[in-house]
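Architecture at a glance
Here are the chains, one letter per residue:
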Amino acid sequence: FQGRDPWSVIQQVVHADPEPVTKRCPGAPRELDLICRKCMEKAPVERYASAADLADDLERYLRGDALTGPRTGFWYSARKSARRHWRSLASVGALV
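Note that the structure is predicted; figures quoted are calculated from it, not measured.

Our focus in this paragraph is helix α4 (residues 51-63). With 13 residues, α4 should cover 18 Å at 1.5 Å per step; its first-to-last C-alpha distance of 18 Å lies within 8% of that length. Directly after α4, the chain includes Gly64, whose backbone phi takes a positive value near 90°.

Right, let's talk about the pattern of salt bridges for a bit. Using the criterion set out here, one finds 5 salt bridges in the structure. Its salt-bridge partner being Asp33, residue Arg37 comes within 2.6 Å of it at the nearest N-O pair. Of this pair, Arg37 and Asp33 both sit in helix α3 (residues 30-39), separated by 4 residues, roughly a single helical turn. Given a relative accessible area of 39%, Arg37 falls into the partly exposed group. Residues Arg63 and Asp65 are paired through a salt bridge, measuring 2.9 Å at the closest nitrogen-oxygen approach.

Procedures and definitions
- Residues numbered from 1 in each chain as written.
- Predicted model: local features only at pLDDT ≥ 70, side-chain atom pairs only at ≥ 80, totals over all residues.
- Heavy atoms only, no water.
- Helix = DSSP H or I, 4+ residues; strand = E, 2+ residues; numbered from the N terminus.
- Expected span 1.5 Å × (residues − 1).
- Salt bridge = Lys/Arg side-chain N within 4 Å of Asp/Glu carboxyl O.
- Buried < 20%, exposed > 50% of the residue type's maximum accessible area, 1.4 Å probe, protein only.

Take a look at the structure:
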């Protein structure tokens, strides 16, 4: 994260998702991007439970096997967005 002062960087760390690896390095494999995202999840329960779990997924990536750790898909993204924007969703729900 980058900001004009330390407070703005802290706010980004707390409230914003990190930039995807594939945005900074367009040629990066999607699987590595997923592993990095899981490592940087805000909620501890969404991150790897241990370094061994991370190492297992990295080894799976190197072998070309399916990853076990990262969750993706529409429902995962929708739930994550809803958690991030719960105040706006509550306001819209109250209006409806």
